[in-house]
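In case you want the letters, here they are:
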Amino acid sequence: MNQHHVPAFSLPTQNRQVLLAKRPVAIPQADDFELDTAAVPVPVNGEFLVRNIYLSVDPAQRGWAQSAMNYSEPVELGSPMRALAVGQVVDSLHDSVQKGEYLYGWFNWQDYCIARSEHILSRIDPGLAPLSCFAGLLGINGVTAYLALTSLGRPQAGDTVLVSTAAGAVGSLVSQIAHNLGCRAIGLTGSDDKVAVAIERYHYDLAYNYRTADLDQALTEAAPDGINVFFDNTGGEILDTALRKMAVGGRIVQCGTAAVSTWQPPPTGLRNEREVLTRRLSWNGFVIFDHMPKWPEAIGTLASWLREGKLHYDEDISERIEDAPSAIDELYLGKNRGKRLIYIG
Ligand SMILES: NC(=O)c1ccc[n+]([C@@H]2O[C@H](COP(=O)([O-])OP(=O)(O)OC[C@H]3O[C@@H](n4cnc5c(N)ncnc54)[C@H](OP(=O)(O)O)[C@@H]3O)[C@@H](O)[C@H]2O)c1
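Please read all numbers here as calculations on a predicted model, not as lab measurements. (Residues numbered from 1 in each chain as written. Predicted model: local features only at pLDDT ≥ 70, side-chain atom pairs only at ≥ 80, totals over all residues. Heavy atoms only, no water.)

Draft legend 1. Region of interest: the environment of Phe-48. Summarising the element assignment, Phe-48 is placed in strand S3 (residues 48–56). As a C-alpha pair, Phe-48 and Leu-93 span 45 residues in sequence and 5.7 Å in three-dimensional space. (Helix = DSSP H or I, 4+ residues; strand = E, 2+ residues; numbered from the N terminus.)

What follows is the structure in structure tokens.
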């Protein structure tokens, strides 16, 4: 939990923005962005003005900034960086959006955003949890962890679930959800301190530092009967190794590709069609935005587990909008401890 439950902002007259200045081909670096200021915009009919409080930093922003194949159009150069944020409505000319409401949506890396209905991802009930939580545990990270695991991983009690980026915002919740559903969880993360946190705080039964462990041997010992569900956020060599440790009938949820630094040129690696065939694996890609109708169900379950003490979450919050340009790179370097947010309230 953090101390910023109630925003303390007064209304500035300028809108600070983090603009995408260059098109990155790999992980976006600080100099791909520029800080700028503009006038605070004024809503017209059907629009409302949101004052951002928490800016979200997400690995997916790499894909949104690049022009390589993705599920969405790349961010236009010179525009505020596409980002999710938690904010408060400070002016509204929209019939069903009230001044004072808290929202989570596509409000980008800036102080103020003019928005319409389609920019709202969810309406916030501030009585349910601290505001920051709606950008993490009750935002895309938690909802992705819950829906990708349950709808594509289809875990059964007693299953062994392997998770990559195990100590991150999504991974730290996948293990706890798996535990709540009666499964065993094995985690892979990039440092010894994160391995310890994964076991002590996020309910992993076993966890390994993928940078130093012999993964092949570790997974053979950790899952002698094979892995039933692999919740993969990295791809690359971790996926190549895990594919050879899957149980017959195993399910692979491809939720992220953090270990693939660029898609230009397309990466090559080991061949794995034989594993898919002989082990009768299902391998499905997950994009949260295809699953929006199930968002309320996911929030309901996650919020009740949170209330019952069955979910722990951590946040890594800085307090300067100037921290945004380097934040995606730092995420890929594994510097975050929990959900990475920038508080600008
Ligand atoms: N498909 C969807 O709809 C959807 C929605 C949300 C998130 N995601 C995906 O879920 C994953 C986790 O997202 P998050 O928001 O929870 O971020 P996060 O895990 O809090 O932060 C990213 C983590 O990725 C790990 N990482 C970075 N480069 C890596 C590499 N080369 N090999 C292995 N691990 C690496 C780092 O942890 P270590 O220190 O452990 O290396 C880093 O802390 C991302 O791949 C993201 O794209 C997908």
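Draft legend 2. Spotlight on the site of the ligand. Around the ligand, the surrounding shell holds 26 residues, and the nearest of these are Val-170, Thr-189, Lys-194, Tyr-210 and Asn-336. A distance of 2.7 Å separates an oxygen atom of the ligand from a polar atom in the side chain of Thr-189. Contact between the ligand and Tyr-210: an oxygen atom at 2.5 Å from a side-chain N or O atom of the residue. Compared with its free state, where it exposes 900 Å², the ligand has 91% of that area covered by protein. Put simply, the parts of the chain that give the shell around the ligand at least two residues each are helix H2 (140–153) and helix H9 (324–332). (Near = heavy atom within 4 Å. Polar contact = N/O pair within 3.5 Å; in protein donor to acceptor, adjacent residues only side chain to side chain. Areas by Shrake-Rupley, 256 points an atom, 1.4 Å probe, with all protein chains shown as cover.)

Draft legend 3. Examining the pattern of salt bridges more closely. Enumeration according to the criterion identifies 14 salt bridges in this entry. Across the pair Arg-51 and Asp-111 runs a salt bridge, and its minimum N-O distance is 3.5 Å. Taken as a pair, Arg-51 in strand S3 and Asp-111 in the loop between strand S5 (102–106) and strand S6 (112–115) lie far apart in primary sequence, 60 residues in all. Under the relative-accessibility criterion, Asp-111 is labelled buried at 1%. Each of Arg-16, Arg-51 and Asp-111 takes part in a single network of salt bridges with overlapping partners. (Salt bridge = Lys/Arg side-chain N within 4 Å of Asp/Glu carboxyl O. Buried < 20%, exposed > 50% of the residue type's maximum accessible area, 1.4 Å probe, protein only.)

Draft legend 4. Examining helix H3 (residues 171–180) more closely. Taken across its 10 residues, H3 has eight buried, putting it largely inside the fold. Those residues of H3 that sit buried are Gly-171, Ser-172, Leu-173, Val-174, Ser-175, Gln-176, Ile-177 and Ala-178. Buried-residue contacts for H3 involve H2, strand S8 (160–164), strand S9 (184–189), helix H4 (192–201), strand S11 (227–232) and helix H8 (295–307). Downstream of H3 by one or two residues, Gly-182 has phi in the positive range, about 85°. (Contact = heavy atoms within 4.5 Å.)

Draft legend 5. Local environment of the sheet that holds strand S10 (residues 206–209). If you walk across this open sheet you meet the six strands as S10-S9-S8-S11-S12-S13, and the pairing is parallel. Lying at the two open borders of the sheet, with one neighbouring strand each, are S10 and strand S13 (282–285). Neighbour to neighbour, the strand axes of the sheet diverge by 15° on average, direction disregarded. With three bridges joining them, S8 and S11 adopt parallel strand pairing. Looking across to S11, one finds that Val-163 is bridged to Phe-231. In this fold H2 packs onto S8, S11, strand S12 (246–254) and S13, with an angle of close to 140° to the strand it touches most, S11. (Pairing = 2+ DSSP bridges. Axes fitted to C-alpha atoms, helices over the stretch in contact; angles between N-to-C directions.)

Such coordinate-based values are descriptive only and should not be taken to indicate function.
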